Amino acid sequence: MRYLPKSPADRKAMLEAIGVNSIDDLFSPIPAEYRLNRDLKVPRQMAESEIVDWFRERSRENGDGHSTFLGAGAYYHYRPVIIDSLISRGEFLTAYTPYQAEISQGTLQSIFEFQTMICELTGMEVANASMYDGSTAAAEAVMMAVRLTGRRTVAVARSVHPEYREVLATYAFHQGMPLATISFSDTGRINLKELEAAITSDTACILVQSPNFFGTIEDVEAVAEIAHRKGAMLVVAIAEAISLGIVEPPRSADVIAMEAQSFGVPLGFGGPYCGVIATRESNVRQMPGRLVGQTTDRNGKRGFVLTLATREQHIRREKATSNICTNQALIALMANIYMTVYGKVGLKELARQNLAKTAYAADQFSKHGNILFSGAPRFNEFVVQTSEDPYAINSRLLGHKIVGGFPLKKFYPELGNASLWCCTELTSRSLIDTAAGHVAESERSVRSAKEETPEEVAR
Amino acid sequence: MKHFTRKATRHVSQNEGLIFEKSSSGKAAWRLAPLDVPEVDTEKLLGLSERKDLGNMPEVSEIEIIRHFTRLSTWNYAIDLGMYPLGSCTMKYNPRVNEVVSRLEGIANGHPYQPEKISQGAMRIIKTLSDCLLEITGMEAITLQPAAGAHGELTGLLLIRAHHDSKGAPRKKVLIPDSAHGTNPATAAMVGYAVENLKSNASGMVDVAALEAQMNEDVAALMLTNPNTLGVFEQEIHKIADILHAKGGLLYMDGANMNALVSKVRPGDFGVDVMHLNLHKTFSTPHGGGGPGSGPVAVKKQLEPFLPRPVLISKSDGTLGFDYDRPQSIGRVRSFYGNFGMFVRALAYILANGPDGLRQTTEDAVLNANYIRKGLEGVYDLPYSSASMHEVVFSDKLQAKKGARTMDIAKRLIDYGFHPYTTAFPLIVPGALMIEPTESEPKEELDLFIEAMRAIAQEVEEDAEVVRTAPHSTRVSRLDETAAARKPVLRWKPAEPKREA
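What you see is a predicted model; the values in this text were computed from it and never measured.

## Some details on the overall build of chain A
Regarding its fold elements, chain A presents 15 helices and 15 strands. Along the first, second and third principal axes, the C-alpha atoms of chain A reach 90 × 55 × 50 Å. Expressed as a percentage of its 459 residues, the buried residues of chain A come to 66%. Counting only contacts in chain A whose residues sit at least 6 apart along the sequence, the fraction spanning at least 24 positions is 71%. Per element, the accessible surface of chain A, about 15100 Å² overall, is 50% carbon and sulfur. Within chain A, the 52 negative side-chain charges are centred at a point lying 3 Å from the centre of the 48 positive side-chain charges.

## Some words on the overall build of chain B
Helix and strand counts for chain B stand at 14 helices and 12 strands. In terms of overall dimensions, chain B is globule-like: its C-alpha atoms have a radius of gyration of 26 Å, near the 23 Å expected for 501 residues. Considering chain B as a whole, with its 501 residues, one finds that 67% of them fall into the buried category. Summed over all atoms, the accessible surface of chain B reaches about 17000 Å², with 50% contributed by carbon and sulfur. Of the side-chain charges in chain B, 57 are positive and 61 negative, and the distance between the mean point of each set is 2 Å.

## Considering the side chain of N394(A)
Looking at the element boundaries, N394(A) is found in helix α13 (residues 390-398). Here G405(A) takes part through its backbone oxygen, which lies 2.9 Å from a polar atom of the side chain of N394(A).

## Topic: the packing of aromatic side chains
Throughout the structure, instances matching the rule amount to 33 aromatic pairs over all chains. Ring centres of F184(A) and F373(A) lie 5.7 Å apart, and the angle between their planes is 85°; this geometry places the pair in the edge-to-face category. Of this pair, F184(A) sits in the loop between β4 (179-182) and α9 (192-198) while F373(A) is found in the loop between β11 (370-372) and β12 (381-385), placing the two residues 189 residues apart along the sequence. The exposure class of F184(A) is buried, given its relative accessible area of 16%. With a centroid separation of 5.2 Å and an interplanar angle of 70°, the aromatic rings of Y113(B) and F336(B) are classed as edge-to-face. Pair noted here: Y113(B) is in the loop between α4 (105-108) and α5 (120-137) and F336(B) is in the loop between β9 (320-323) and α10 (340-376), with a separation of 223 residues, a long-range link. An aromatic cluster is present here, built from F184(A), F213(A), F214(A), Y273(A), F373(A), F406(A), F411(A), Y412(A), Y113(B) and F336(B) joined pairwise through their rings. Positioned above the aromatic ring of W54(A) is the side chain of R58(A), whose terminal nitrogen or guanidinium carbon lies 4.6 Å from the ring centre. Looking at R161(B), its charged tip hangs above the ring of Y193(B), at a distance of 4.8 Å from the centre.

## Description of the interface of chain A and chain B
Taken residue by residue, the interface counts 184 residues in chain A and 208 residues in chain B. Across the chain A to chain B interface the summed buried area is about 17000 Å²; carbon plus sulfur atoms make up 64%. Tallying contributions element by element places helix α12 (residues 329-366) of chain A first for the side of chain A that touches chain B, with 25 residues. The residue inventory of the side of chain A that touches chain B, partitioned by class, reads 89 nonpolar, 50 polar and 45 charged.

## A word on the environment of T319(B)
Residue and element names in this part refer to chain B. In this fold, T319 is placed in the loop between β8 (311-314) and β9. Given a relative accessible area of 26%, T319 falls into the partly exposed group. Distance from T319 to T5, taken between C-alpha atoms, is 58 Å for residues 314 residues apart in sequence. In contact with T319, not counting residues within four places along its chain, are Q120, I313 and S314. At a separation of 2.7 Å, a polar atom in the side chain of T319 contacts the side chain of D317.

## Description of the domain arrangement of chain A
Residue and element names in this part refer to chain A. For chain A, the assigned domains read domain 1 (82-339) and domain 2 (344-451). On a C-alpha basis, the centroid separation for the pair domain 1 and domain 2 is 30 Å. Between domain 1 and domain 2, the contact holds 28 residues from the first and 24 residues from the second. Taking both sides of the interface into account, the surface hidden between domain 1 and domain 2 amounts to around 2100 Å²; carbon and sulfur atoms contribute 70%.

## A short note on the domain arrangement of chain B
All names here are of chain B. When cut into domains, chain B gives domain 1 (97-350) and domain 2 (358-484). A C-alpha centroid distance of 30 Å is found between domain 1 and domain 2. At the interface, 27 residues of domain 1 touch 22 residues of domain 2. The junction of domain 1 with domain 2 conceals about 1900 Å² of combined surface from both sides, 62% of it contributed by carbon and sulfur atoms. Across the pair E363 and K264 runs a salt bridge whose closest N-O atoms are separated by 2.7 Å.

## Topic: the pattern of salt bridges
With the rule as written, the count across this model stands at 57 salt bridges over all chains. E304(B) is the salt-bridge partner of K301(B), the closest N and O atoms lying 3.3 Å from each other.

## Overview of α5(B)
The α-helix winds at 3.6 residues per turn, so residues separated by three or four positions along the chain end up facing the same way. Residue and element names in this part refer to chain B. In a regular helix each residue adds 1.5 Å, so 18 residues correspond to 26 Å; α5 covers 25 Å between its end C-alpha atoms and thus fits that length. The buried count for α5 comes to 15 of 18 residues, which makes it a mostly enclosed element. Two residues or fewer past α5, G138 is found with a positive phi of approximately 70°.

## Details of the nonpolar core
Core analysis: the largest hydrophobic core is formed by 318 residues, its most contacted members being F55(A) and F263(A). The biggest single contributor to this core is α12(A), with 20 residues. Beyond its immediate chain neighbours, meaning those up to four positions away, F263(A) contacts L121(A), A241(A), I242(A), M258(A), M334(A), A335(A), Y338(A), M339(A) and L347(A). Residues M205(B), F425(B), I428(B) and V429(B) belong to the second largest nonpolar core, which totals 10 residues.

## Here's the deal with the pairing of β4(A)
Residues and elements named next belong to chain A. Summarising the sheet, strand β3 (residues 153-157) and β4 pair through 4 bridges and their orientation is parallel. By the bridge assignment for β4, V154 is matched with L179. Taking the sense of rotation as the criterion, the β-α-β connection linking β3, helix α8 (residues 162-173) and β4 turns out right-handed.

## A short note on helix α3 (residues 48-60) of chain A
End to end, α3(A) covers 19 Å across 13 residues, agreeing with the expected 18 Å (1.5 Å per residue, within 8%). Considering only its buried residues, α3(A) is in contact with α3 (96-102), α4, α5 and α10 of chain B.

## Looking at the sheet that holds strand β12 (residues 432-435) of chain B
Residue and element names in this part refer to chain B. Ordered by their spatial adjacency, 3 strands build an open sheet running β10-β12-β11, and the pairing between neighbours is antiparallel. A single partner strand is all that each edge strand has here, and the edge strands are β10 (392-395) and β11 (422-423). Pairing between β10 and β12: 4 bridges, direction antiparallel. Bridged to V393 within β12 is M434.

## Some thoughts on the sheet that holds strand β1 (residues 141-143) of chain B
Residue and element names in this part refer to chain B. The strand order across the open sheet formed by 7 strands is β1-β7-β6-β5-β4-β2-β3, and the pairing between neighbours is mixed. Single-partner strands in this sheet number two, and they are β1 and β3 (194-198). For this sheet, the mean inter-axis angle between neighbouring strands, taken without regard to orientation, is 20°. Pairing analysis gives 3 bridges linking strand β6 (residues 274-276) to strand β7 (residues 297-299), with the strands arranged antiparallel. Its bridge partner lying in β7, V274 is registered against V299. Across the face of the sheet, α5 comes into contact with β1, β6 and β7 while running at roughly 125° to β1. Running over the sheet, helix α7 (residues 183-190) touches β2 (173-177), β3, β4 (219-225) and β5 (250-254) and is turned about 175° from β2.

What counts, and where the lines are drawn
Residues numbered from 1 in each chain as written. Chains lettered and ligands numbered in written order. Predicted model: local features only at pLDDT ≥ 70, side-chain atom pairs only at ≥ 80, totals over all residues. Heavy atoms only, no water. Helix = DSSP H or I, 4+ residues; strand = E, 2+ residues; numbered from the N terminus. Buried < 20%, exposed > 50% of the residue type's maximum accessible area, 1.4 Å probe, protein only. Contact = heavy atoms within 4.5 Å. Areas by Shrake-Rupley, 256 points an atom, 1.4 Å probe, with all protein chains shown as cover. Lys, Arg positive; Asp, Glu negative; His and termini not counted. Charge placed at Lys NZ, Arg CZ, Asp CG, Glu CD. Rg over C-alpha atoms; globule rule 2.2 N^0.38 Å. Polar contact = N/O pair within 3.5 Å; in protein donor to acceptor, adjacent residues only side chain to side chain. Phe/Tyr/Trp six-rings, centres within 6.5 Å; stacked < 30°, edge-to-face > 60°. Lys NZ or Arg CZ within 6 Å of the ring centre and 35° of its normal. Buried area = accessible area lost by both parts, 1.4 Å probe. Nonpolar A, V, L, I, M, F, W, Y, C, P; charged D, E, K, R; others polar. Domains from an automatic or database assignment. Salt bridge = Lys/Arg side-chain N within 4 Å of Asp/Glu carboxyl O. Expected span 1.5 Å × (residues − 1). Core = buried A, V, L, I, M, F, W, Y, C linked by side-chain atoms within 4.5 Å. Pairing = 2+ DSSP bridges. Right-handed = clockwise from strand over helix to strand, strands pointing away. Axes fitted to C-alpha atoms, helices over the stretch in contact; angles between N-to-C directions.

Written out as structure tokens, the structure is:
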């Protein structure tokens, strides 16, 4: 086996040194009746070339060569090549969690920079080293608000990513945290009247997402006002990090739960991604996850360490703020490099391009289909309602190697034939025109079908 | 240094400040393609939601970024540089072909919501890995959704909870041995279970009599690590499982130490009902400075209905698909399908090994741990003499008499060119030195490690101060962690407050 660095002579010499006759002697603690005395039924040992071939085949079966309009919590942005050049360095790739600070300063300093940039972008005072993803970050942020307020119930906007809400429901169920779901108005934003009525003296927090699942930017100030007036916290989830380049961050939030996938992390069929939680300094001791802090060594030299570990499971065990241990460090490094590449000016320009492409696309689509939620600003996603089932339109688009918008009926049956379309800096005008053309064609054929069979309509 | 170390030599290390300290207005590492649609009036589109300023985000050039992160990287220790003897962490070689295949176009850029018709490749990877892991564990159903080991524990306990609830008899407690990882009790608390401590016996194993006494109808499960954190196989595992099952409890196995067992024994065969695996330990996915991990949870048939949504299924037409119609499911624990990129790497590792490679891997891991044990026995105190599997736990009892504790010895190991072992864990061993070499170390590296550990033991005898103040060869000496926690500085701020223009 090519990963194993021993010759038969080495093994023999080592067994002799240990003082046993055969390797089987070292496995004698395992009761004989349970020992596996056969080969595992897994594929035979493959050559490297065979492994590459096998996965190339899988890659070809997996949408290789398709263009996409999908967003919905996972966004297709350009990834600068230096991200992979740098994260492939063995000293980053193959290092452990930086508990031994003296020989982990590279990882520690880079996390410190990541925390700083997340604070700059979100307008918060502290950010942690990462969480698994946006959905678990949102669930943990809500649990954090429950601990901080000592209250039990949570109001969640229905315009929060449906899978984030499902994860929160799983986490909340055994914590005895009742969840109230607040509907959206015809602007796509959270229904403030309904929210106002739902908040009680036992509401720990309100969870909204902005831009929300429909791409609509929430009126965070108005939601914050309601929350704070009633002594509750405001937790804001951000699934599309690029929006922070041009959309005012939710500065009045108490906790922000973010998904940083858009910052240079490949779509990768849903993971690994990079969640992160940011908040105010006063909340830091209830924050889950690792934190890096600045300090000095014995000679007064600046250095970085993992800090405030008394919040964490390896110290506090069942009294910890969370059970999280391994997080998404290497993915946070990707995001860190991405934020560094684009920086203060680039992120803004990039976000502006996303905005422009989406405005153009929404304009083109509006000539044929019905654009929902136009009454509030949006970032890089919009909802189109068509006469035909979006799955049918998408199926025709797929024939042209184009993946159409995300049909919403799976999560929002009340929206009927609506689908969620996303444009990024990588979505070309010609691709938008082609897709808009298919929507136009669909509307035309539905209309002419109606004209031909009026009795169908009458029924 | 009194004892010359053969493994490492000091060399020049570049200084490097924070990226913000290199930033100046007008530098850039990016260029966007020309916009092919009309420019927009952002103020008109966004109104009050428009952001004007991105604060102190850096402005630097590409070469500066390359140098910045390359310099930082050289301040890290890594598997690629040498042995990483962290007990219970299984820091093994991370094969590079895994990185290559995970970056193939369709695999790296597949969208989680793309139609199933063009997702067959990804689903085939999930299916093949699932089948392999089920065969390796001897379990009957699996979810790959959990993002790390602790997340797997959470999922596993939620499944156990759902199982008891479905029987109309929710239970209150989870038993956890005193040698367990901190994640175990933290997880039980998250699922709303009370934690009851289970004492270890004189051999460092579960005290079966105590278990029998503590087991009752209020106990939902026992969370057991096997081999346990002493590296000792729980020999009475069948009795343990029987005691739990007799009273309707379930046996949860923390699979952190699965590297000792693969192809030798299967948890499903010795009575485990639920377990998690750590793909970033046993199955070679890179630790990346703290993640990403992946924590698949494998279960027996009776727990299958409760698995997180969605579940991968084979359809009648031979294609694969996701089944969301799972009325008894505990729900989702993460968005989409988990850390898919880690599945790709773990499967590539299994394919590179095959059945023979996996067996040899386990044998070498156990061989290496026992070789170190033999080499250091007598020099360091061995608190439990039970046979070691893939790791060995010593204590600092002999060295502490001279004032050198496990953390001091660990820090001194850095000067000898090694990463420290795990210190002060498991908690049942005061001053523990927990050493797991994995199969990835050649005999030469093990000999250097043993030599270094022996040399340090001798230094403790001759001049303990040099050990107590180690490391002496790193960029920074021991850092003031107390100050870091007392007055936390968790982000950079510009030296001068920015003045309004």
